[in-house]
Amino acid sequence: MGSMQRFLDRFGPSSEAESVWLQNLFTFIHKHLRTPGGPAHSAAGGPAHPAAADQPGAGASCDQGVCELSVCVVEKIQERSCLRSSRPVSYRPLCVSELLAQQHLACVSNLSWSTNQHRAWAREAELSLAGQRSLPRVNLLLIGWLRAGRGGEWRLEDGSGSVRCELTSPSPQWMNRLVFLPHWNYIPHDALGRGQDRGHLELIGSPDLLGPRAELGLATGPGGAGPEEGAGPDGALSVREAAGVLRTRVRGQRVSVWGRVGSVRPLLEVSGSCFFFFCLEDQQQTVPVLVKGSRLWWAQCVCVGVSVCVTALRVCVLRRWRGNGVLCVTDRSEMHTGYTHSEATHTQGHTHPEDPEPLPLSGPAHSDQLLMGLEEAEPEELPVQSGGRIKHSSVISYQGTVTEVVNEGAGLYLLDRKVGLCLAFQPPARRKLRPGDQVELHQVHFLYRPSPDFPPSMLCCCLGSSLRVSAFSRVGGASKESCCPGDGVLPLLLLQSNRGVDQYLWTCSLACQLAHSLVPAEPLHPPLHPPLPHCVCLLSWKLSEMLWTQRGRGQRDIYSEMLDRPHRCPLDQCLCPQYQVDPSVPQLLSVSDVLQSLQSSSLLPPGVLSSSQVNSGLSWSYRTLTSDPRRGDSLRPRPLLLVGVLQLPSERSEFTQSLELRDATASVSCIVTETTEEEDGGQRSVFNTAWIGSLVCVRSFTMVTERFLQSDFPSCRHLDQNCSMSNRTCRVYLQFSLDHLVILSPSVAMATHLRIGGVEPGSDDQQRNHREEEEDDDDEGSCLKKRRCDEELSSVAMVTAPEGGASQPCVSMVIRVESKGGVAWRNAVIGGSCEGAGLQLGFSATALLIGPVVRWGRDPKNQPMMEKEVNPEREEKVLLQFSGVSSRWFPLLQPGSVYRLTAPNTQDPSVLIGCSVAGQKGVELHADSSLQVRPDWRFHTLTRPLLLPHTWTQAPPPSTVSQVLDCRSEVVTFQGRVTERVSLMDRREQASGVRLTVCDQSGRSLCVYLDLTHTPYPPGLLPGNQVLLSGFLRRISRSGSVYCSPSPVSCITVTSLGDCSRLAPPPAPSMHLAHWASSRTVEAQVKGHLVCVLHLQLQWSCSHRGGEYEQVCSSPCGSATFQATARLVFDDGTAEAHVWLSGRPVQTVLGLADSQWAGLQRAVRVRGHIHVFPGGRSLRTDGDTEDVLLHFLLSLCSGDVIGQQVILTCRKRTNQSPAEVRRFSRGDRDFLTRRLRPLQLTCSHLELQGDS
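Only a predicted model underlies this, so the values are computations on that prediction, with no experimental measurement involved.

Thoughts on the overall build of the protein chain
Thought 1: Helices and strands together make up the secondary structure of the protein chain, namely 20 helices and 56 strands.
Thought 2: Long-range contacts, defined here as pairs at least 24 residues apart, represent 72% of the contacts in the protein chain between residues at least 6 apart.

Some thoughts on the packing of aromatic side chains
Thought 1: Scanning the entire structure with this criterion turns up 17 aromatic pairs.
Thought 2: Between Trp297 and Trp298 the ring centres are 6.3 Å apart and the planes differ by 85°, which places this aromatic pair in the edge-to-face class. Taken individually, Trp297 and Trp298 each receive the classification buried, so the pair is uniform in this respect.
Thought 3: Look at Phe1122 and Trp1157: their rings are 5.7 Å apart centre to centre, the planes differ by 80°, and that puts the pair in the edge-to-face class. On the criterion of sequence distance, the pair formed by Phe1122 in strand β50 (residues 1120–1131) and Trp1157 in helix α19 (residues 1154–1167) is long-range, its members being 35 residues apart. Neither Phe1122 nor Trp1157 differs from the other in exposure class; each is buried.
Thought 4: Ring pairing ties together the aromatic residues Phe843, Phe882, Trp889, Phe890, Tyr899 and Phe939, which thus form one cluster.
Thought 5: Between the NZ or CZ atom of Arg499 and the centre of the ring of Trp541, over which it lies, the distance is 3.7 Å.
Thought 6: Sitting over the face of the ring of Trp856, Lys868 holds its NZ or CZ atom 4.6 Å from the ring centroid.

Observations concerning the packing of helix α1 (residues 2–9) against helix α2 (residues 16–32)
Thought 1: Remark: α1 packs on α2, axes separated minimally by 10 Å, with the N-to-C direction vectors making an angle of 130°. As the angle between them shows, α1 and α2 are arranged oblique. As for how α1 packs across α2, the hand of that crossing is right-handed. Residues Ser3, Met4, Phe7 and Leu8 of α1 form the contact with α2, whose participating residues are Ser19, Leu22, Gln23, Phe26 and Thr27.
Thought 2: Of the residues belonging to the contact of α1 with α2, the class tally is five nonpolar, four polar and no charged.

Quick word on unusual backbone geometry
Thought 1: Positioned with a positive phi, Ala312 is a non-glycine residue whose angle comes to about 55°.
Thought 2: Along the polypeptide, Ala312 turns up in strand β14 (residues 307–317).
Thought 3: One non-glycine residue, Gln443, adopts positive backbone phi at about 55°.
Thought 4: One can find Gln443 in strand β21 (residues 438–448).

A short note on the nonpolar core
Thought 1: Judged by nonpolar contacts, the single largest core of 58 residues is most densely connected at Leu661, Trp691, Leu734, Phe736, Leu880, Phe882 and Phe939.
Thought 2: With five residues, strand β37 (residues 837–849) is the single largest residue contributor to this core.
Thought 3: Those residues within four positions of Leu661 in sequence are excluded, and the remaining contacts are Val591, Leu642, Gly644, Val645, Leu646, Ala666, Ser667, Val668, Cys670, Val696, Val698 and Leu734.
Thought 4: Membership of the second largest hydrophobic core comes to 52 residues, among which are Leu99, Leu100, Leu146 and Trp174.

What to know about the pairing of strand β34 (residues 741–745)
Thought 1: Within β34, five of the five residues are buried, leaving the element largely enclosed by the surrounding structure.
Thought 2: Relative to β34, strand β31 (residues 695–698) runs antiparallel, the two sharing four bridges. Among the inter-strand pairings, Val696 is bridged to a residue of β34, identified as Ile743.

Notes on the state of the cysteines
Thought 1: Scanning the entire structure with this criterion turns up zero disulfides.
Thought 2: Free cysteine Cys303: the closest other cysteine sulfur is in Cys301, separated by 7.9 Å.
Thought 3: Cys303 sits in the buried class, given a relative accessible area of 7%.

A closer look at the pattern of salt bridges
Thought 1: A full pass over the atoms with the stated rule returns 23 salt bridges.
Thought 2: In this structure, Asp208 engages Arg80 in a salt bridge whose closest nitrogen and oxygen atoms are separated by 2.8 Å. Here Arg80 lies in helix α4 (residues 58–80) and Asp208 lies in strand β9 (residues 208–209), a separation of 128 residues in the sequence.
Thought 3: Residue Glu126 pairs with Arg133 through a salt bridge whose shortest N-O separation is 3.6 Å.
Thought 4: Residue classification places Glu126 among the partly exposed positions, given a relative accessible area of 31%.
Thought 5: A relative accessible area of 64% places Arg133 in the exposed class.

Quick word on helix α20 (residues 1188–1197)
Thought 1: Every buried residue of α20 is listed here: Leu1189, Leu1190, Leu1193, Leu1194, Leu1196 and Cys1197. An end-on view of α20 places all buried positions within 160° of arc, on one side of the element.
Thought 2: Of the surrounding elements, those touching the buried residues of α20 are β48 (1083–1102), α18 (1144–1150), α19 and β52 (1169–1172).
Thought 3: The backbone nitrogen of Leu1189 has a side-chain oxygen 3.1 Å away, supplied by the residue at the start of α20, namely Asp1187.

Overview of the environment of Ser1225
Thought 1: One can find Ser1225 in strand β54 (residues 1220–1226).
Thought 2: Judged by relative accessible area, Ser1225 falls into the partly exposed class, the value being 41%.
Thought 3: Here the side chain of Ser1225 touches Asp1230 through a polar contact of 2.5 Å, side chain to side chain.

Looking at the environment of Phe655
Thought 1: By the secondary structure assignment, Phe655 is in the loop between β27 (640–647) and β28 (659–662).
Thought 2: A residue is classified by how much of its surface remains accessible, and Phe655, at 0% relative accessible area, is buried.
Thought 3: The spacing of Phe655 and Pro1019 is 364 residues in sequence and 7.3 Å in space, taken between C-alpha atoms.
Thought 4: Ignoring any residue separated from it by four or fewer positions in sequence, one finds Phe655 in contact with Pro649, Ser669, Arg731, Val732, Tyr733, Tyr1017 and Pro1019.

Quick notes on the pairing of strand β55 (residues 1229–1235)
Thought 1: Of the strand pairs in this sheet, β54 and β55 are connected by seven bridges, and their pairing is antiparallel. Paired with Glu1220 across the strands is Arg1235, a residue of β55.
Thought 2: Where β54 folds back on β55, the antiparallel hairpin that results is connected by two residues, among which Gly1227 adopts a positive phi of roughly 70°.

Comments concerning the confidence of the model for the protein chain
Thought 1: Residues of the protein chain with pLDDT of at least 70 account for 74%, and the chain-wide mean is 77.
Thought 2: Element-level mean pLDDT values for the protein chain span from 39 in helix α3 (residues 38–44) up to 95 in strand β20 (residues 419–422).
Thought 3: Counting contacts from residues 191–196, a segment whose pLDDT is below 50, to residues more than four positions away or on other chains yields five contacts.
Thought 4: Of the regions scoring below 50 in pLDDT, residues 574–581 engages in 19 contacts with residues more than four places distant in sequence or in other chains.

A word on the environment of Val96
Thought 1: Relative to the assigned elements, Val96 resides in helix α5 (residues 96–102).
Thought 2: Look at Val96 and you get buried, because its relative accessible area is 1%.
Thought 3: Residues Val96 and Gly144, 48 residues apart in the sequence, show an inter-C-alpha distance of 8.6 Å.
Thought 4: Among all residues touching Val96, those that are not within four sequence positions of it are Leu156, Asp158, Ser160, Gly161, Ser162 and Val163.

What counts, and where the lines are drawn
Residues numbered from 1 in each chain as written. Predicted model: local features only at pLDDT ≥ 70, side-chain atom pairs only at ≥ 80, totals over all residues. Heavy atoms only, no water. Helix = DSSP H or I, 4+ residues; strand = E, 2+ residues; numbered from the N terminus. Contact = heavy atoms within 4.5 Å. Phe/Tyr/Trp six-rings, centres within 6.5 Å; stacked < 30°, edge-to-face > 60°. Buried < 20%, exposed > 50% of the residue type's maximum accessible area, 1.4 Å probe, protein only. Lys NZ or Arg CZ within 6 Å of the ring centre and 35° of its normal. Axes fitted to C-alpha atoms, helices over the stretch in contact; angles between N-to-C directions. Parallel < 35°, antiparallel > 145°, perpendicular 65-115°, else oblique. Left-handed = near helix turned anticlockwise from the far one by under 90°. Nonpolar A, V, L, I, M, F, W, Y, C, P; charged D, E, K, R; others polar. Core = buried A, V, L, I, M, F, W, Y, C linked by side-chain atoms within 4.5 Å. Pairing = 2+ DSSP bridges. Disulfide = S-S within 2.5 Å. Salt bridge = Lys/Arg side-chain N within 4 Å of Asp/Glu carboxyl O. Arc of directions from axis to C-beta. Polar contact = N/O pair within 3.5 Å; in protein donor to acceptor, adjacent residues only side chain to side chain. pLDDT = per-residue confidence, 0-100.

Structure follows, in structure tokens:
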């Protein structure tokens, strides 16, 4: 090792540590950087072949080169080191292969830093970005050649391998040079790939060039054009002169052009060819330069605003870009940055006319048809597009710091904590931005409020924008939470279809929400299979295609987008005067977000209420919130979406009579209906079991909150006092129709159902039907037309529980449900006879057996019925008993529907044969056989039972309310709309039942009393919903009114949903008083005139004291309320009635304006109350004759009130007086007559009629 000794002698005596350090450095250079030609050769070339060192005479030259190179490296290290008196022995050289294999954490190395400087640097980095940790420091030395890699990469290479390098503003002189890196960051990649893809370097300072060419100026690089070829830097053309060369195009001409870089386009790869553009400009002209091939590494050298000179450029044209010429680099082209042109430079003596204004954007073209053409390519004239007035977005330049990675895979970032950045409209860069990166943006589009899910100010980069990292981040990489599911899938889909930025941002937000709601953080029981990451992105993309109202603008013309002046791109145009958020853009929520309780005050009617009104109103209160704010009160200001799996109710479900919608966050009960296939298009309860296990999107729904509260609030101002509440229960569930569902991933049974129905999942017909129905949202249409599924997304299907293998043997039989009872607590054996008996939820259903029990080698599910399953001559019925887990089938078993009952893992037909009831000898039994349904049995709906007689598939229509009122049957089944729901209390003031008032289209109504002591609470009993009441007892009260009560086999089913908001009952029937007095109608509308006022009472009451208001009341009288009541005599020509009025109708009858009514309230408040008895027809007055207020009210009651024509909507009062018998004499004869007393009515609505 004579060369090593000579190397050590060059630095004189050293300490033992420094001597070892020098030896290790020399050994490293000899092993990884040894070249036969020495440093000079290594600068121009690369590592020679190992066999070259074995040639005669090469060993001495190689050792001499290693010695000189080692001395040069030590000198550079000494210059950069912060230690002036000693050498940095703590730093060790590291080859590239060891760096990639051993360094698994991000780190920084800076030779010139002291320990205090590094601490200050780290402290500043962490303070600027809260929650981030600065890069840890390592003491490593990197030496190697800077080479051009694939696709314009810069790579650091030594004898062991190479690693990608990122530079801020490199000089072209650095390429193919041996360098020493004193300042750098190393960022390992999370994904495990090939050795060269495990990480990359970031040069945070200029490298030190090693070798004699380090001091040269504008030296000609390897492969560059010599002075004799083309125009050199001294003969370079200006941009204006180069524009003239583009118009005159001479074959074989090579030119050199100098100018300022005006814009840099991103690096693109089209059909395997990589290229990028940059534009040279002066004050008037712009010349595009196309860079490809061996000069792609210029992409990091070209910066906006830098003066450059480019040599050996040829003139070419691009196909389909209107024939405009561009300058294209050749293999001999060079770039000189910081170029200053001399005034004495030769220029052409003539001037060129101004360039014509370029044509507007041409029609769409495929990228593979727009490749760069040869020099002989001729320009192609394309027609000019005409259009209306278009609002253009602002194009600006911006410089800022990345403070948050919002969604790395989707290209979304946050600058300076307030400005959004979208890079999705550009091809993805090799280096992802990290928090702390300082960036420079040029020709970037500024948009205001393009999406409600992102910051108001958004910067969006198109193919005409440039982004350069001016300073690398000092902190580590982005957190895993900020990564988009299916990294890079959404930008790739965006490049394939031209979408607006608003639709893309909404899709990104949707993908993140789906990843949160569909992918569980912890394993769930039963397991919820998480979808693949790319499937979540595909789901969001498909949803945006189906739900977005605006369609795409066609395919992008990438060359026009990069080169047209004035600039045109998808981000530049918007059809609205101001680029702002569409209020109809929906928002996806998880189920857990929807399940939020409401404040108790929000469930009260508006206005100031008394204590009794508050407590009675809170005993049972409800509120409905619609998913669309345009249709009523909503939870959010934007339309809402829900995505989840439809399931049978679980054992822990609060409602066992309804289905569940479940995602990874929670589950919620659902009242589900669907449109019938009949011509009237009516609604019915859901019956198809194929929906179980299907991943669906609910586009429109109603959230219902029912609260049961036992309270003693003094007033509505004290609702925040929890001590006033003794018991509180809140139930939340959803209501929606299957017409508003979109199938994202069908279950196996649903795919079979759609295939049988003639709709293939993902077919064009299905998509077209869905879009046509979106345009007319008011048209209900058929449910099947709106069910959308896609074969690409079938792998995302989430199932409720494992259905077992497809080859499991089973037995089945086909049944038709005749009737079913309600769910109730029943005595049953729990878990087996050893555990004893107990109460379990259960119900029973009577079914008609269609055919015999059939053996199967695999579960047929809902496949079409076969002939062997049908026996038309058989008319045997069976009573199906459901208890425990099997009772979850209650919401899907509907009378009149046909099902296939399957018992898995058996070939014994006897398991499906019911047990007959044992009877005594001589006793004739009329009971059906009974069959206990086991928990693992399954029901499959057969929607098209073509082999059955028509009469078997048609259920008899239920009765109406009017038919029930007029019939004489004891047990009735009828259908009606709920108009009122009242909670019934027992003696202990606890809810024991419910009174429902149901009506039909005619307006006739009856009351239904429900006992809930032994049954779970049924959801959906809300005003506006239509219910089917099966097996109820028809009863007659003491007063002769008809009402219904439940029997042991009664069942309530919600068949149709009302409006999202509280619905008013249907209009009351119009009747005469004489006819109404003898009928059983409770509410009616009458027309007539007012005869007189019998009584008028005005008073203030204190809800805090619970009594009458007094002026000297010591309580806080801010809770006092004003009450007005009156009793009138009303006549319609057939009879008279006494009508009670309260509230606003009293003001209407007295004919007072709002200001007069307010003044009257102030006058009454002085004394607290006033009672007026006008005396009826005799106008008799009781009271103080000197009272001015009393005389004023008497004048109102005897004035225009008398004879007013009014329309009243009234209800009968319960205290109707019976008819009286009167005796009168005429001559010598006495007569007895039966006289009807006046009807006692309570007015709910009053309307004054105009003069006839």
